[in-house]
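Reading the structure
If you want the building blocks of each chain, they are given just below.
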Number of protein chains: 2
Amino acid sequence: MHINEENIKKLQQGDSLTIAKCITCVENELEGNLQLLQSITANPNTACIGITGAPGAGKSTLVNALLKQLTAQNKKIAVLSVDPSSPFNFGALLGDRIRMSEFYLHPNVYIRSIASRGALGGLHPKIFEIVDVLKASYFDYIIIETVGVGQSEVEIAGIADTTIVVVVPEGGDEVQTLKAGVMEIADIFVVNKADRPSADIFVKNLSILSHSKANDTWEIPVIKTIASKFEGIETLLTAIQNHKHITSNNVERKIFLTAEKIWRIIQQNKMKNIDRQKIVAMVKEKINSNAINVYQIAENWS
Amino acid sequence: MHINEENIKKLQQGDSLTIAKCITCVENELEGNLQLLQSITANPNTACIGITGAPGAGKSTLVNALLKQLTAQNKKIAVLSVDPSSPFNFGALLGDRIRMSEFYLHPNVYIRSIASRGALGGLHPKIFEIVDVLKASYFDYIIIETVGVGQSEVEIAGIADTTIVVVVPEGGDEVQTLKAGVMEIADIFVVNKADRPSADIFVKNLSILSHSKANDTWEIPVIKTIASKFEGIETLLTAIQNHKHITSNNVERKIFLTAEKIWRIIQQNKMKNIDRQKIVAMVKEKINSNAINVYQIAENWS
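How each quantity is defined
Residues numbered from 1 in each chain as written. Chains lettered and ligands numbered in written order. Predicted model: local features only at pLDDT ≥ 70, side-chain atom pairs only at ≥ 80, totals over all residues. Helix = DSSP H or I, 4+ residues; strand = E, 2+ residues; numbered from the N terminus. Buried ≥ 20, exposed ≤ 12 C-beta atoms within 10 Å, placed from the backbone. Contact = placed C-beta atoms within 7 Å. Domains from an automatic or database assignment. pLDDT = per-residue confidence, 0-100. Axes fitted to C-alpha atoms, helices over the stretch in contact; angles between N-to-C directions. Parallel < 35°, antiparallel > 145°, perpendicular 65-115°, else oblique. Left-handed = near helix turned anticlockwise from the far one by under 90°. Nonpolar A, V, L, I, M, F, W, Y, C, P; charged D, E, K, R; others polar. Pairing = 2+ DSSP bridges. Right-handed = clockwise from strand over helix to strand, strands pointing away. Expected span 1.5 Å × (residues − 1).

1. Describing the overall build of chain A
For chain A, the helix and strand inventory stands at twelve helices and seven strands. When burial is assessed residue by residue, chain A has 45% of its 302 residues classed as buried. A separation of at least 24 residues holds for 75% of the contacts in chain A among residues at least 6 apart in sequence.

Here it is as structure tokens:
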């Protein structure tokens, strides 16, 4: 892709074709991708929201409801739907594709599905870059939706300003078996399908847990929604705005995340010329010799 | 650490002090760590078992029961207990330390606790190296125990020959809300606390699911245990041995994992001289200027 002032301007103005081209460019490291990334500036007012949770929790329906509410307020929204691949067979794991066709053609909504790649089931090796392209455009909100698989949900917490973990009410005791680590990444809990009979006790127990983990600046709110009936969405949006306000004042976090990002880009740059397929081919050749010392091989790899 | 033939021999013979020194050496990249890793050879007969699952599932009690069974057979076992840190506060997340004091002093058992480190909650940046040290020693079994947090459980599947996911029976419907990705990494399911009333229906549903995902060489067995009463442990050990037999014939998997490992070591080597603290300091200085372009910074970083 040829990068010039006109392209950058069109990106900033939200031209969908330009956005699509820019994302494809960074996603596949096409010509000009580095120039593009070095030329753009993130809009500090864009709120980046991560939505994660087990399959069946109703994430897509929730995204749909958020789109309905936000478009009604004339907001501009980009949605990235990440489809995680399995760590070992490289195929799609869940096929839990986004179901929000009614907004595909909305002028203020940009929707893009990306498959996760790479060896160990992360979001996508270029997810930061893709989000940076969207941040350089004109969106008020960027929503990243992913199924909570492997490292993807931990990664999302490093990218999003606000991470929403969507759960469905089970028995009240279930709070204790909530996947470990979820308390650490959630900025907001959404208990969806809150018309289920066990919802109230589940919400109560989750709130107690959340209260016990509160710090000086934030206590994870537990918000009941019935996304399919559009209930609780306004309350959720208010919580998102409150959280955005808190985090934009958290300089420590900003420094940490920026440093992490630079670290990761340096790493990518350094590995750019290492050919994974060549390594595989070499291992294939030597695998039966029983004399593979991976440390020696790595040290000699140019 | 000074590496010589005597040290290597002592490591191979299972001298605990030497094992401890070697692990500390690679864990902290002390002098001689690369020389050590390049001098040792993994014992192909050692079975490396990963055990993961939510807190409270009874992983430690299960490890304890396995140790009891295996030591009775005069086997030699190393246990690595990984305590995952939180991605953002770098503190211990769960404090779910291993509870198996009765084997701490057993002559055929070596137990080591390692804290996970690094930015995004993985197992430990040197986990492969630590396991390689143990594989070069005299153990029949290496057991890695970790709470399923973030990427740690996906990583464990890349290290262990056999990954055991420990779950506790909830209502039978719960099978559907099993954390996504678990079917992908589990080689064996253990339903612990199988004396709970809901156990049978849970096991039945999990078995149906597991059967539907079976491939030509392996169907994930679902094994009922009551680890605290030592029930089901023999059946579990048989399943582990069966699986070890299958995987040692899976050359494709071996090639993939070896190539991944080499890739990871190359990456570590290349990043060795990049100082994280310097990046943080630089970001701190520039954070208020609003003109940080991480791609430019990364490219100029030497």
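2. Here we look at the domain arrangement of chain A
On domain assignment, one finds that chain A holds domain 1 (1-39), domain 2 (41-269) and domain 3 (273-300). Centre-to-centre, using C-alpha coordinates, domain 1 of chain A lies 37 Å away from domain 3 of chain A.

3. Concerning the environment of W263 of chain B
Mapping W263 of chain B onto the fold places it in helix α10 (residues 251-271). For W263 of chain B, a count of 19 C-beta atoms within 10 Å corresponds to the partly exposed category. Apart from residues lying up to four places away in sequence, W263 of chain B is in contact with R276 and I279 of chain A.

4. Considering the confidence of the model for chain A
Residue and element names in this part refer to chain A. Looking at chain A as a whole, its pLDDT mean stands at 83, while 84% of the residues score no less than 70. Confidence, read as mean pLDDT per element, is least for helix α6 (residues 152-159) in chain A (71) and greatest for strand β7 (residues 222-224) (96). Taken together, the stretch residues 85-99 has pLDDT below 50 and engages in 43 contacts with residues farther than four places along the chain or on a different chain. The complex model carries a pTM of 0.72, and its ipTM stands at 0.76.

5. Looking at helix α5 (residues 127-135) of chain B
Think of an α-helix as 3.6 residues a turn; residues three or four steps apart then line up on the same face. Most of α5 of chain B sits inside the fold, with eight of its nine residues counted as buried. Every buried residue of α5 of chain B is accounted for by I127, F128, E129, I130, V131, D132, V133 and L134 of chain B.

6. Structural notes on unusual backbone geometry
Notably, K193 of chain A is not glycine yet its phi reads approximately 55 degrees, a positive angle. Within the secondary structure, K193 of chain A sits in the loop between β6 (188-191) and α8 (199-212).

7. Things to note about the packing of helix α10 (residues 251-271) of chain A against helix α11 (residues 276-286) of chain B
In contact at an axis separation of 9 Å, α10 of chain A and α11 of chain B are set at 125 degrees when each is read in the N-to-C sense. Judged on the interaxial angle alone, α11 of chain B and α10 of chain A are oblique. Between α10 of chain A and α11 of chain B lies a crossing whose hand is right-handed. Contacts between α10 of chain A and α11 of chain B involve I255, T258, A259, I262 and W263 of chain A from the first element and R276, I279, V280, V283 and K284 of chain B from the second. Counted by class, the contact of α10 of chain A with α11 of chain B contains seven nonpolar, one polar and two charged residues.

8. Looking at the pairing of β6 of chain A
All names here are of chain A. Neither face of β6 is open: one carries I188 and V190, the other F189 and V191, and all of them are buried. Of the pairings in the sheet, the one linking strand β5 (residues 162-167) to β6 comprises four bridges and is parallel in character. Note on β6: the bridge partner recorded for V166 is V190. As judged from the three bridges shared by β6 and β7, these two strands associate in the parallel manner. Across the sheet, residue V190 finds its bridge partner in β7, namely I223. Between the parallel pair β6 and β7, the chain is carried across by α8, and the sense of this crossover is right-handed.

9. Observations concerning the packing of helix α1 (residues 5-13) of chain A against helix α2 (residues 16-27) of chain A
Residue and element names in this part refer to chain A. It is the contact of α1 with α2, at a shortest axis distance of 8 Å, that shows an interaxial angle of 110 degrees. Between α1 and α2, the angle is such that the two are roughly perpendicular. The element α1 and its partner α2 pack so that their crossing is left-handed. Contacts between α1 and α2 pair N7, K10 and L11 from the former with T18, I19 and C22 from the latter.

10. Some remarks on helix α2 (residues 16-27) of chain B
Residue and element names in this part refer to chain B. For α2, built from twelve residues, the straight-helix expectation of 16 Å at 1.5 Å per residue is met to within 8% by its first-to-last C-alpha distance of 16 Å. For α2, the full list of buried residues reads T18, I19, C22, I23, C25, V26 and E27. Buried residues along α2 sit in contact with α1 (5-13), α3 (33-39), β3 (109-115) and α5.

11. A word on the pairing of strand β1 (residues 47-53) of chain B
Residues and elements named next belong to chain B. Along β1, seven of the seven residues are buried, which leaves the element largely enclosed by surrounding structure. Along β1, one buried face is formed by A47, I49, I51 and G53 and the opposite face, lined by C48, G50 and T52, is buried too. In this sheet, strand β5 (residues 162-167) lies alongside β1 in parallel orientation, the contact comprising five bridges. Bridging across to β5, G50 finds its partner in T163.

12. Quick word on the environment of S16 of chain B
With respect to the helices, strands and loops of the structure, S16 of chain B is situated in helix α2. Expressed as a C-alpha distance, the spacing of S16 of chain B and M282 of chain B, which sit 266 residues apart in the sequence, is 43 Å.

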